[in-house]
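Okay, here's what each chain looks like letter by letter:
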Amino acid sequence: MTNSNDSKPKSLLLMIAGAKGAVGSTVAAAVAAMQKNPDVILPSLITRNSFVYLGPPESIFMTGWDAQSATLVDSIKNHGVLTDNLLKPLEKALDKTPILPSPPQNLDLKGQVAHLTKDIQDFKKQHADALPVMINLLPACTRCNLDQVKHVDDLYAEVTPENFPDLAYVLAAIISEIPVVNFSPNRLEIPVVVQEAVEHRIPISGRDGKTGQTYFKVVLASALKARSLYVDGWYSLNILGNADGKNLMDPDRAAGKVANKTELLDEILGYSVGEHYQEPTHKVHIDYYPPRGDAKEAWDVVDFCGLFDLPMSLRLNIQGRDSILAAPMVLDLARWMAALKMAGCSGSVPELGFYFKKPIGENPPLSFQDQVNRLRTLEKECDEKCLYK
């Protein structure tokens, strides 16, 4: 029997924090392109044939916030992700995409949450029949430990929004009963936030989108473990020349990102890489190199041992496009979160570990195959809850 709550497929409404950044503006271009010619974008979406109760993937709108004063079109030009021939046909649609300024800096956290909550309600009125999803694409910020905070009121008292701007967006979304994707490396899944999500029956996923180098690291590490090949060391270098790369030159801001990229290897393999040397031999470096722009490059050297402990080595070089890899993941995750909300899920969603460097929640899948299998199982569970009583 069809679930009465899902009698009519609905469109999606993306609400993006950091909408004019390289990834956010590329998502905006993808949304505009899908409305003109879906076949240009849909082949890149994993969920293009999933969640029929959500409506077609191209039925999607975008709104958001950003501190930049430049228009969305000018932001895309400045990032240099899209060529002119790709951008030109989309400019009219992009000019109509409503991107609001970030909350005023003179407001405290509680004031910013109230400000964003009003914005959210206005967006929802403009798209009354759409399913909203909050996407956090704000840049890396300095790490802060808020695990001891027990109540939201204590967060309001302790946190300065300037140091942790993401928190206002996430709290405003949860209060507004909107699911959240944390694509940033910033740790938003502190206990009090997750508890709020549970109480408001809202799913939250994250953290730190796994777009290029780390995605292939998970694949290779899983393959080496499956063959019982012992990883003796792993050296990773990532060079990129976009705003994200420049931001990560601040060691305090880079710390969370580097930790997310580093910790997963030991978790997949089940031992500390470098244990024979009494020090870690998994090295991760990120360098800002302006000539690369958004076209990042990653180098990996993997030292491993086989029978009789004889050494072998593997080299991997990836020349990727950061935002081009990230944007379809954002679109897929938005569809996942809308489906999970419709299915009645709440709190952290570890099953979406496939998409993230540091999956949140209890017992997230670690190896590549486990992550793929958990996705398939989760999709079946969503279908059962949304299509049938």
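Residues numbered from 1 in each chain as written. Predicted model: local features only at pLDDT ≥ 70, side-chain atom pairs only at ≥ 80, totals over all residues. Heavy atoms only, no water.

Undergrad: I'm lost on the overall build of the protein in this one. Help?
TA: When you go through the protein residue by residue, the secondary structure sums to 13 helices and 11 strands. Based on the C-alpha atoms only, the size of the protein along its principal axes is roughly 65 × 50 × 50 Å. Looking at the protein residue by residue over its 389 residues, the buried ones come to 54%. Accessible surface for the protein amounts to roughly 17800 Å². Of this, 52% is attributable to carbon and sulfur atoms. Positive and negative charge centroids in the protein, built from 40 and 47 side chains respectively, lie 5 Å apart. (Helix = DSSP H or I, 4+ residues; strand = E, 2+ residues; numbered from the N terminus. Buried < 20%, exposed > 50% of the residue type's maximum accessible area, 1.4 Å probe, protein only. Areas by Shrake-Rupley, 256 points an atom, 1.4 Å probe, with all protein chains shown as cover. Lys, Arg positive; Asp, Glu negative; His and termini not counted. Charge placed at Lys NZ, Arg CZ, Asp CG, Glu CD.)

Undergrad: What am I meant to see in the pairing of strand S7 (residues 230–240) here?
TA: Consecutive side chains along a regular strand alternate between the two faces of the sheet. Along S7, 9 of the 11 residues are buried, which leaves the element largely enclosed by surrounding structure. Note: S7 against strand S9 (residues 297–305), 9 bridges, orientation antiparallel. If you follow Leu237 over to S9, its bridge partner there is Trp299. (Pairing = 2+ DSSP bridges.)

Undergrad: What exactly am I supposed to notice about helix H8 (residues 191–199) here?
TA: Each turn of an α-helix holds 3.6 residues, which means side chains three or four residues apart point in the same direction. All of the buried residues in H8 are Val192, Val193, Val194, Glu196 and Ala197. Its buried side turned inward, H8 meets helix H6 (152–158), helix H7 (166–175), strand S6 (203–206) and strand S11 (347–348). Arg201 sits one or two residues past H8 and shows a positive phi near 60°. (Contact = heavy atoms within 4.5 Å.)

Undergrad: Is there a simple way to think about the side chain of Asp66 in this case?
TA: Position of Asp66 among the secondary structure elements: in strand S2 (residues 60–66). No salt bridge forms around the buried Asp66; measuring N to O, its nearest opposite-charge neighbour Lys20 is 6.0 Å away. Only 3.3 Å separates the side chain of Asp66 from the backbone nitrogen of Ala19, close enough to count as a polar contact. In contact with Asp66, not counting residues within four places along its chain, are Gly18, Ala19, Lys20, Gly21, Ile99, Leu100, Pro101 and Ser102. (Salt bridge = Lys/Arg side-chain N within 4 Å of Asp/Glu carboxyl O. Polar contact = N/O pair within 3.5 Å; in protein donor to acceptor, adjacent residues only side chain to side chain.)

Undergrad: Looking at this structure, how should I read the nonpolar core?
TA: The nonpolar side chains of a soluble globular protein tend to be buried with one another. Core analysis: the largest hydrophobic core is formed by 60 residues, its most contacted members being Leu14, Val27, Met62, Leu94, Leu331, Leu352 and Tyr355. Residue assignment for this core shows that the elements contributing at least two residues are strand S1 (12–17), helix H1 (22–36), S2, helix H2 (72–79), strand S4 (131–136), helix H12 (322–342) and helix H13 (368–387). With 12 residues, the top contributor of residues to this core is H12. Excluding anything up to four places from it in sequence, Leu331 contacts Leu14, Val27, Ala30, Val31, Met34, Ile41, Leu45 and Ile60. Counting 38 residues, the second-largest nonpolar core is a separate cluster that includes Ala172, Ala173, Ile174 and Ile190. (Core = buried A, V, L, I, M, F, W, Y, C linked by side-chain atoms within 4.5 Å.)

Undergrad: Help me understand the side chain of Lys210, please; the structure alone is not making it clear to me.
TA: Relative to the helices and strands, Lys210 resides in the loop between S6 and helix H9 (213–226). Among all residues touching Lys210, those that are not within four sequence positions of it are Tyr215, Val218, Met329, Gly353, Phe354, Tyr355, Phe356, Lys357 and Gln371.

Undergrad: Mind showing me how you'd approach the packing of H9 against helix H11 (residues 251–269) here?
TA: The relative placement of two packed helices comes down to the angle between their axes together with the axis-to-axis distance. Orientation of H9 relative to H11, taken along the N-to-C sense of each, is 20°, at an axis distance of 9 Å. With respect to each other, H9 and H11 are oriented roughly parallel. Pair H9 / H11 crosses with right-handed handedness. Residues Gln213, Thr214, Lys217, Val218, Ala221, Ser222 and Lys225 of H9 form the contact with H11, whose own contacting residues are Lys261, Leu264, Leu265, Ile268 and Leu269. Of the residues assigned to the contact of H9 with H11, the class counts are 6 nonpolar, 3 polar and 3 charged. (Axes fitted to C-alpha atoms, helices over the stretch in contact; angles between N-to-C directions. Parallel < 35°, antiparallel > 145°, perpendicular 65-115°, else oblique. Left-handed = near helix turned anticlockwise from the far one by under 90°. Nonpolar A, V, L, I, M, F, W, Y, C, P; charged D, E, K, R; others polar.)

Undergrad: Would you mind showing me how to read the environment of Met312 here?
TA: The topology assignment puts Met312 in strand S10 (residues 311–319). Measuring from C-alpha to C-alpha, the distance between Met312 and Leu229 comes to 9.7 Å, with 83 residues separating the pair along the chain. In this structure Met312 touches Leu229, Val302, Asp303, Phe304, Cys305 and Gly306, once residues within four positions along its chain are discounted.

Undergrad: Teacher, can you tell me more about H12 here?
TA: The first and last C-alpha atoms of H12 sit 31 Å apart over 21 residues, in line with the 30 Å expected at 1.5 Å per residue. Extensive coverage of H12 is indicated by the burial of 17 of its 21 residues. One or two steps after H12, the chain reaches Gly344, where phi turns positive at roughly 90°. (Expected span 1.5 Å × (residues − 1).)

Undergrad: Is there a simple way to explain the pattern of salt bridges in this structure?
TA: Pairing of side chains with opposite charge becomes possible as their charged atoms draw close. The tally for this structure, following the rule as stated, stands at 11 salt bridges. Close ionic contact of Asp122 with Lys118 constitutes a salt bridge, the shortest N to O distance being 3.1 Å. Placement of both Asp122 and Lys118 in helix H5 (residues 109–126) is noted, with a separation of 4 residues, approximately one turn of the helix. Exposure remark for Asp122: the relative accessible area of 28% places this residue in the partly exposed category. One salt bridge connects Arg292 with Glu297, and the closest N-O pair in it is separated by 2.4 Å. For Arg292, a relative accessible area of 30% gives the class partly exposed. When salt bridges that share partners are traced, they join Asp147, Arg187, Glu189 and Arg207 into one network.

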